[in-house]
Amino acid sequence: MAAEHARGGAHVDVISVRLAFGERRVFDGLSCRFSQSKVSVILGASGVGKSTLLRLLAGLIRPDYGDLWIGEQEISRLPERQLRKVRRRLGMMFQGGALLDAMTVFDNVALPLREHTQLSEKEIAERVHAQFEAVGLKRVDALLPGELSGGMKKRAALARAMITEPEILLIDEPFSGLDPLAVRLIEALLREVNHGKGLTMILTNHHIGSTMRLADEIVFLSDGAAITGTVKEIKESKDPRIQRFLVAAGTGPALEEAS
Amino acid sequence: MLEFVREVGWRTVDNVHGLGGIALYGSRLVYETLAPPYRLRRLLDELYNSGVLSLAIICTSGTAVGFVLALQGYNTLVRFGAEQSVGAVVGLSLIRELGPVLTALLVTGRAGSAIAAEIGAMVATEQLDGLRMMSVDPVDYVTQPKALGLALSMPLLTALFIVFGLFGGYLVGVGLLGVDAGVYFSSLENTIDFRNDVLGSVLKSVVFGMIVGLISTWRGYTAAPNSAGVSAATTGAVVQASVATLMFDYVITALWGVGI
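Keep in mind that what you see is a predicted model, and the values were worked out from it rather than measured.

Participant: Whenever I open this one, the overall build of chain A confuses me. Can you help?
Facilitator: Each helix and strand counted, chain A has ten helices and ten strands in total. For chain A, whose C-alpha radius of gyration is 19 Å, the value lies close to the compact-globule estimate of 18 Å for 259 residues. Judged by the C-alpha coordinates and their principal axes, chain A covers about 55 × 50 × 35 Å. The contacts of chain A with a sequence gap of at least 6 include a subset with a gap of at least 24, amounting to 65%.

As structure tokens, this is what we get:
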């Protein structure tokens with residue numbers, strides 16, 4: 001259906017994707033790829049479709065046209081039942097956490113294990129507590145998500161996304177609404193997870209400082225198209241759209257020269 | 001004129017599309033009810049939320065309706081010298097009509113609206129998407145136990161409404177207006193027919209339970225992911241479930257009355 005495209009070992013591949021919500025066209029032939037075991041950051045101005053791209057990769061919305069590959073599986077036209085199998089290889093941390101607010105934090109993180117494994121409650125408790133420790137959460141078992149701070153909620157969401165040891169972690173705006181200290185903490189945590197488990201991580205972010213520190217590769221979205229490169233390549237890019245964005249964010253070459 | 005025809009056409013297509021959507025959703029609810037896994041714990045939670053938490057409003061309303069029925073019935077019957085039949089009037093009115101219908105309307109207002117608002121809020125805060133990302137079907141995990149819990153609660157709450165209504169009628173008829181207690185119950189016993197009245201009442205309450213459960217969960221599940229969407233889902237659930245209840249009440253009464 002979509003144009004022929006050499007996949008070249010990419011873990012996640014977006015090929016000629018078109019998507020419109022009513023009259024508003026979000027993507028018009030978007031193609032980009034995300035490498036295995038790398039931290040890829042989707043960067044771009046507000047409303048450019050960063051979260052939408054993440055939701056496409058998660059199969060939560062479907063493109064009007066084009067292919068979406070997760071490993072060797074094309075998912076854009078899979079029925080929901082088969083998508084559920086693909087999603088077992090994915091973890092997703094939503095911007096607001098998306099924790100079930102009627103359940104305790106422990107039950108939230110234990111839920112995927114209770115649903116998809118035959119583990120005993122004791123084994124589940126061990127796995128959940130190990131995950132809490134990995135993300136730096138203590139004494140939160142009996143708390144409801146509404147009783148957590150913003151940073152703790154993000155960490156609980158990360159624990160839930162990682163509890164089933166996915167191959168690919170999709171993370172929507174992990175730093176929004178956090179103070180600088182919490183940003184550094186989450187950043188270190190994500191880097192540790194990426195290094196420790198070799199996960200493919202795809203983040204959306206408009207926080208330019210953390211992007212530059214964290215990213216192995218950047219997918220810059222603008223006008224429904226993507227420009228991909230390493231941090232260095234993006235910083236040194238002569239593309240006026242990237243330059244405008246970086247200057248506005250205070251990290252572009254023009255600003256560095258001026259300072 | 002052309003604009004009017006176009007508008008009518010679009011609305012018709014929209015309504016047919018909506019009906020198709022709710023029909024498909026209803027069939028998924030039936031499938032999830034019959035197919036494993038059976039979520040007994042979640043069903044018990046929902047029985048508590050829809051059933052136990054509605055007890056106070058059902059008992060109070062049932063008693064109040066019994067009071068009014070006895071009073072109105074007595075005032076009418078006394079003109080014909082038939083005031084001893086007040087028990088039959090209260091019982092027939094409650095069992096055949098008011099018990100199932102008023103219970104359905106009260107449960108829609110209390111539990112149906114809460115269900116639509118809760119599921120709508122889960123949509124708005126991406127909780128249902130969070131479940132999808134854990135490979136958990138939100139219909140199976142969230143909406144089916146709520147719909148089934150409400151459907152199972154309805155006949156029990158209806159029975160309770162009727163019992164408290166009869167008790168209210170007794171208090172006013174016997175305690176206040178001086179009808180003989182034995183006559184109150186014997187007129188009730190002699191008038192009520194098991195098949196026509198009691199089974200008809202059970203059938204209505206079961207159908208109303210399914211309607212309210214289906215519409216409340218559907219409106220929440222398809223809510224727009226914002227606060228206005230949650231509000232519209234809640235209002236829509238109450239209005240549509242109430243109107244559907246009254247319409248189906250006529251259909252069942254008509255069909256049951258002719259012996260189908």
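Participant: For this particular structure, what's the right way to read the overall build of chain B?
Facilitator: When its secondary structure is counted, chain B shows nine helices and zero strands. For chain B, the sequential pattern of α-helices and β-strands runs α-α-α-α-α-α-α-α-α. Judged by the C-alpha coordinates and their principal axes, chain B covers about 65 × 55 × 35 Å. Across the 260 residues that make up chain B, the buried fraction comes to 44%.

Participant: How should the packing of helix α4 (residues 86–124) of chain B against helix α8 (residues 194–221) of chain B be read in this particular structure?
Facilitator: Angle between the axes and distance between the axes: these two values describe a pair of packed helices. Residues and elements named next belong to chain B. Look at α4 against α8: their axes get within 9 Å of each other, and the N-to-C directions meet at 15°. Relative to α8, α4 is oriented roughly parallel. Like other packed secondary-structure pairs, α4 and α8 cross with a definite hand, here right-handed. Considered class by class, the residues forming the contact of α4 with α8 number twelve nonpolar, eleven polar and five charged.

Participant: I keep staring at the environment of A:Ala182 and nothing clicks. Help me out?
Facilitator: The topology assignment puts A:Ala182 in helix α6 (residues 180–197). Residue A:Ala182 is classed as partly exposed on the basis of its 17 C-beta neighbours within 10 Å.

Participant: Explain the pairing of strand β3 (residues 39–43) of chain A here, please?
Facilitator: Side-chain positions along a regular strand alternate between the two faces of the sheet. A large share of β3(A) lies buried, amounting to five of its five residues. Going residue by residue along β3(A), you find A:Val39, A:Val41 and A:Leu43 tucked away on one face and A:Ser40 and A:Ile42 tucked away on the opposite face as well.

Participant: Can you help me understand the interface of chain B and chain A in this one?
Facilitator: Reports of interface size often rely on the accessible area that becomes lost once the parts have come together. In this complex, chain B contributes ten residues to the contact, which on the side of chain A involves 15 residues. For the side of chain B that touches chain A, the class distribution of residues is three nonpolar, four polar and three charged.

Participant: Please explain the pairing of strand β10 (residues 225–229) of chain A as it appears in this structure.
Facilitator: All names here are of chain A. In this sheet, β10 lies alongside strand β9 (residues 217–222) in antiparallel orientation, the contact comprising five bridges. In the strand pairing of β10, Val219 is matched with Thr228. Between β9 and the antiparallel strand that follows it, β10, lie two residues; Asp223 among them carries a positive phi value of about 50°.

Participant: How should I be thinking about the sheet that holds strand β5 (residues 73–74) of chain A in this particular structure?
Facilitator: In a beta sheet, neighbouring strands are held together by backbone hydrogen bonds and run either parallel or antiparallel to one another. Residue and element names in this part refer to chain A. Spatially, β2-β1-β4-β5 is the arrangement adopted by the four strands of the open sheet, whose pairing is antiparallel. Unpaired on one side and paired on the other, β2 (24–34) and β5 mark the two borders of the sheet. The sheet contact formed by strand β1 (residues 12–21) and β2 spans eight bridges and is antiparallel. From the neighbouring strand, Leu19 faces β2, where its bridge partner is Phe27. Lying on the sheet, helix α1 (residues 50–57) is in contact with β1, β2 and β4 (65–70); it crosses β1 at an angle near 120°.

Participant: What should I look at first to understand the nonpolar core in this one?
Facilitator: In summary, soluble globular proteins display a tendency toward joint burial of nonpolar side chains. Judged by nonpolar contacts, the single largest core of 131 residues is most densely connected at A:Ile42, A:Leu57, A:Ala156, A:Leu170, A:Ile202 and B:Val212. A per-element tally of this core places α4(B) first, with 19 residues. When neighbours within four sequence positions are excluded, A:Leu170 is seen to be in contact with A:Leu54, A:Leu57, A:Ala58, A:Leu90, A:Met92 and A:Ile202.

Participant: What exactly am I supposed to notice about the packing of helix α3 (residues 105–116) of chain A against helix α4 (residues 121–135) of chain A here?
Facilitator: Residue and element names in this part refer to chain A. For the pair α3 and α4, the least separation of the axes is 10 Å and the interaxial angle reads 125°. Classified by the angle between their axes, α3 and α4 sit oblique to one another. For the pair α3 and α4, the crossing hand works out as right-handed. Along its contact with α3, which presents Phe106, Val109, Ala110, Leu113 and Arg114, the element α4 presents Ile124, Arg127, Val128 and Gln131. A class-by-class count of the residues in the contact of α3 with α4 yields six nonpolar, one polar and two charged.

Participant: I'm lost on unusual backbone geometry in this one. Help?
Facilitator: For the bond running from B:Pro36 to B:Pro37, omega is 5°, close enough to zero to count as cis. Within the fold, B:Pro37 resides in the loop between α1 (2–34) and α2 (40–50). In the Ramachandran plot, A:Asp223 falls in the positive-phi region, its phi being about 50° despite a non-glycine side chain. Turning to its location among the elements, A:Asp223 is positioned in the loop between β9 and β10.

Scoring rules and cut-offs
Residues numbered from 1 in each chain as written. Chains lettered and ligands numbered in written order. Predicted model: local features only at pLDDT ≥ 70, side-chain atom pairs only at ≥ 80, totals over all residues. Helix = DSSP H or I, 4+ residues; strand = E, 2+ residues; numbered from the N terminus. Rg over C-alpha atoms; globule rule 2.2 N^0.38 Å. Contact = placed C-beta atoms within 7 Å. Buried ≥ 20, exposed ≤ 12 C-beta atoms within 10 Å, placed from the backbone. Axes fitted to C-alpha atoms, helices over the stretch in contact; angles between N-to-C directions. Parallel < 35°, antiparallel > 145°, perpendicular 65-115°, else oblique. Left-handed = near helix turned anticlockwise from the far one by under 90°. Nonpolar A, V, L, I, M, F, W, Y, C, P; charged D, E, K, R; others polar. Pairing = 2+ DSSP bridges. Core = buried A, V, L, I, M, F, W, Y, C linked by C-beta atoms within 7 Å.

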